[in-house]
Amino acid sequence: MSDPDPACKRAGAASAGLSVERMRALLSYSWDILSLLDGQGRLIYNSPAAQRLHGFDPAEMEGRSTFEFFHPDDAPGVAEVFESCLAQPGLPVCVQYRYARKDGSWIWMEAVAVNMLDNPSIRAIVVNSRDISERKYHERELERMNRLYGMLSHLGHTLVRVQNREGLFQEICNMAVEKGGFRLAWIGWTDPVSQQVIPVAKAGPGLGYLEGLSVWADARAEGMGPTGRCIRENRSYICQDFLEDPATAPWRDKAAAFNLHASASVPIRFQGQAAGALMVYSSEAGVFQDQDVALLEEASAQISFGLEHLASEDQRRVLESELFQVQKMESLGSLAGGVAHDMNNVLGSILAMASMHQELQPPETPAHQAFSVIVHACDRGASLLRRLLDFARRDLSDIQVVHLNALIQEEVLLLERTTLGQIRLAMDLDSALPAIRGDASALLHAIMNLCINAVDAMPSGGCLTLRTRTTPGGWAELEVEDSGHGMSKEVMEKALDPFFTTKPTGKGTGLGLSIVYSTVNAHHGIMELRSEVGVGTRVILRFPAAEAIEDGQCISAEPAPGEPTPSLDVVLVDDDPLIRDTLASVIQCLGHRVTPLDSGEAALAWLASDRVAEVLILDMNMPGLGGGGTLPYLRDLRPELPVLLATGRVDQTALDLVQAFPHVKLLPKPFSMNELKARLEALVAQTHS
């Protein structure tokens, strides 16, 4: 008979050494749990280690399904492994899961199970399970640290790639959720005036927590939480248990609703001060360790560096943009001025002839009505040309001390009578607003343009707010704000371009904001345009304060008509033959004699020959000497000769000539026959008085 198998001999020897007492000791003092389950997963037996780890008395467990104790998130996976175990008798299967403890907490377990239901002496599934909570903790810590390092690494690339603050902030929040594994990340920026912390970027499944969130950086109740203290104290603030920390009381219920159990707030510094903060939230309490905080603070330092870099780049781009805008507006202004001058001559010819024939026709006749229509059309064209010339203007017509509050109140009276309709008007005027030096007419026109634009932006009603204040630097600031539809970024980029308009055909020329910009620029001021779609638009104008308050001298461009004058000898000087021919006919129709000449040089030669001249109509803009160059020589020849200086642009140069030479008055183009008649009568009456 052969010797027994050596393995069998060793197993027999081992069994011989495993007495009942030894078996009991082995089960009692093993830190692993040894269990027997039936085919439905009900507990037949648990070793004493089960009570030590889970807290349940054996009597509480016996006969109950083990599936009652698995974490809801893990139960499906365990059930799948259990089915696999049933289908493969004798083959071990392994699974990890969270198991309920009697105190309500969860413990991580790892189990190896073998189906021995077919063994007559066992008829059970044998399970060996052990506590792996510490291993899981270290795995999670390692995973979280890897995610944070990944977030920090990605942040470096983002700082190089992203070219604006908004994009940088949003990328950081996205990274914190995607790379850092946080449930919510948001960046709050402090409003320097109100001290409210405003979310400027956010990401994560817990976004609903931020809806209606009220957080402040000052010492009010809503400023005593993690975010407010982080910004106010310029240091990190860690909340390991959001639902228990006394500082989080105002936000606790909402945080619980969105499964936010721990938070870390790190300051974002700009120019050395905490201007905002990065907030990240975890769905688990107590997760933020010293290494996590150190990495988040490193991320904050990189963000602060990126902001400083972006600020310098933004400043460079703003200066480039402003320079380009100034150059563009100057070029377009020159073009507009040239076009307006030429159009003034054409329009002036039409208006003069039409007004002359209108006066010659009997009232109510078809011819009279036809010429009236032409005159009305010319008036509309003249208005457009004046706006073009306002846009082209680089100086001011009538500089005097101006009180912006008074101009606003004057504009409000007009708005209330004509334009407001369903619009609610609000005024917030600084009673201590400093006066400025400027052209009241041009400023009033600018305010009117802004108000009309604001009203047009609120077709269904809204609020128009006119606000003034004194800036820290002592400038006078005017703000026009509406609650209309606002402008997109694309529209904002073109808003100051001449002739750009979003209004329907016939509703706007596209010159309104361009004229405002030119007017502000001529006053050495600053114009700022802010708008958001669906929120409204704010236009802010800032002007330097007047150095001294004194009454300005205003030169009227509209003289009162004088007494009818006898027939005059009129010398008409204009380089445009269309104007010469037209005005010659109009002057003759008024009963005067006319001598048309085509240049200032020709006029001086004619006067030097002792010809008769009682009035001289002199065009301002001509080749050669032009009107301005002709006047000094003319005064040497005829010191008392009345002169009407005709110009389509009543600018400072023209006004200076009127002040410098006696018996000279302005004649703005285009003008009608009656306007010319009134000017001639007033000029002659003044000269002979």
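Scroll up to find the structure this text is about.
Residues numbered from 1 in each chain as written. Predicted model: local features only at pLDDT ≥ 70, side-chain atom pairs only at ≥ 80, totals over all residues. Heavy atoms only, no water.

## A few points about the overall build of the protein chain
Operational definition: What counts as a helix is a DSSP run of H or I of at least four residues, what counts as a strand is a run of E of at least two, and both are numbered from the N terminus. Accessibility here uses a 1.4 Å probe with only protein chains present; expressed as a share of the type maximum, an area under 20% marks a residue as buried, one over 50% as exposed, and anything in between as partly exposed. The criterion used for residue contact is that any of the two residues' heavy atoms lie within 4.5 Å. Shrake-Rupley sampling with a 1.4 Å probe provides the accessible areas, and residues are treated as covered by the protein chains on show and by no other component.
If you tally the helices and strands in the protein chain, you get 20 helices and 22 strands. For the protein chain, buried positions account for 44% of its 689 residues. For the protein chain, long-range pairs separated by at least 24 residues make up 62% of all intrachain contacts whose partners lie at least 6 apart in sequence. When the accessible area of the protein chain is evaluated, it comes to approximately 34,800 Å², of which 55% is carbon and sulfur surface.

## Here we look at the pairing of strand β17 (residues 536–543)
Test applied: When DSSP finds two or more bridges between two strands, those strands count as paired.
Taking burial as the measure, the eight residues of β17 include seven buried ones, the bulk of the element. As defined by bridge partners, strand β15 (residues 476–482) adjoins β17 across seven bridges and the pair is classed as antiparallel. Opposite V480, over in β17, you have V539 as the bridge partner. Looking at chain direction, strand β16 (residues 526–532) and β17 are connected through seven bridges and run antiparallel. In the strand pairing of β17, I526 is matched with R542. The hairpin turn running from β16 into β17, its antiparallel successor, is three residues long, and G534 in that turn takes a positive phi close to 85°.

## Quick notes on the sheet that holds β17
Quick note on the threshold: Note on geometry: axes are lines fitted to C-alpha atoms, helical ones only across the stretch in contact, with angles between N-to-C directions running from 0 to 180 degrees.
Taken together, five strands build an open sheet; the order of strands is β12-β14-β15-β17-β16 and the sheet is mixed. In this open sheet, the two strands that pair with only one neighbour each are β12 (423–428) and β16. Averaged over all adjacent pairs, the angle separating strand axes in this sheet is 10°, with direction ignored. Along the sheet, helix α13 (residues 440–456) makes contact with β12, β14 (462–470), β15 and β17, crossing β14 at roughly 145°.

## Details of the packing of aromatic side chains
Which entries qualify depends on this criterion: Think of it this way: a Phe, Tyr or Trp ring, Trp meaning its six-membered ring, pairs with another when their centres are within 6.5 Å, and the plane angle makes it stacked under 30 degrees, edge-to-face over 60, tilted otherwise. Placement of a positive charge over a ring is assigned whenever Lys NZ or Arg CZ falls within 6 Å of the ring centre and within 35 degrees of the normal to the ring plane.
Summed over the entire model, instances satisfying the criterion amount to 12 aromatic pairs. Judged by centre distance (5.5 Å) and plane angle (70°), the ring pair of F67 and F70 falls under edge-to-face. With relative accessibility at 26%, the residue F67 sits in the partly exposed group. On the numbers, 5.9 Å between centres and 15° between planes, the contact of F182 with F288 is stacked. Of this pair, F182 sits in the loop between α7 (165–178) and β6 (184–190) while F288 sits in the loop between β10 (273–282) and α10 (290–360), and the two are 106 residues apart along the sequence. A relative accessible area of 6% places F182 in the buried class. Its guanidinium or amino end placed over the ring of W108, K136 lies 4.4 Å from that ring's centre, counting from NZ or CZ.

## A few points about the side chain of S65
Mapping S65 onto the fold places it in the loop between α4 (58–61) and α5 (75–87). Relative accessible area serves as the criterion here: at 19%, S65 is assigned to the buried category. For S65, the contacting residues outside a window of four places in its chain are Q40, G41 and R42.

## Re unusual backbone geometry
For the peptide bond that leads from K669 to P670, omega is -10°, which places it in the cis range. Within the fold, P670 resides in the loop between β22 (664–668) and α20 (673–687). Phi is positive for R123, close to 45°, though the residue is something other than glycine. Counting through the fold element by element, R123 comes out in the loop between β4 (106–116) and β5 (124–131). With relative accessibility at 53%, the residue R123 sits in the exposed group. Unlike most non-glycine residues, E364 shows phi in positive territory, near 70°. Looking at the secondary structure, you find E364 in the loop between α10 and α11 (366–392).

## A few points about the nonpolar core
Rule in force here: Nine residue types can take part in a nonpolar core, namely buried Ala, Val, Leu, Ile, Met, Phe, Trp, Tyr and Cys, and a core is a set of them joined through side-chain atoms within 4.5 Å.
Within the largest apolar cluster, 34 residues are counted, with the highest numbers of intra-cluster contacts made by L404, L464, M527 and L541. A per-element tally of this core places α13 first, with eight residues.

## Notes on the environment of A294
Relative to the elements of secondary structure, A294 occurs in helix α10. Sequence spacing of A294 and S236 is 58 residues, and the spatial spacing of their C-alpha atoms is 9.8 Å.

## Comments concerning the sheet that holds strand β7 (residues 197–203)
Read from one edge to the other, the open sheet built from five strands follows the order β7-β6-β10-β9-β8, with strand pairing classed as antiparallel. Since the sheet does not close on itself, it has two edges, and those belong to β7 and β8 (237–239), each with one partner. The mean angle between the axes of side-by-side strands here comes to 20°, regardless of whether they run parallel or antiparallel. Here β8 runs beside strand β9 (residues 262–270); their pairing, made up of three bridges, is antiparallel. Paired with C239 across the strands is S263, a residue of β9. On the sheet, helix α8 (residues 226–233) packs against β6, β7, β8, β9 and β10 and is oriented at approximately 30° with respect to β9.

## Focus on a nonpolar patch on the surface
To keep things clear, this is the line we draw: Each patch groups residues whose relative accessible area exceeds 30% and which form no salt bridge, using 9 Å between like charges and 5 Å between nonpolar side chains of Val, Leu, Ile, Met, Phe, Trp and Tyr. The working definition used for a salt bridge is a side-chain nitrogen of Lys or Arg within 4 Å of a carboxyl oxygen of Asp or Glu.
Together, M343, V346, I350, I374 and L578 line one region of the surface with nonpolar side chains, adding up to about 370 Å² of accessible area. At three residues, α10 tops the list of elements feeding residues into the nonpolar patch. With respect to the helices and strands, I350 occurs in helix α10. Residue classification places I350 among the partly exposed positions, given a relative accessible area of 39%.

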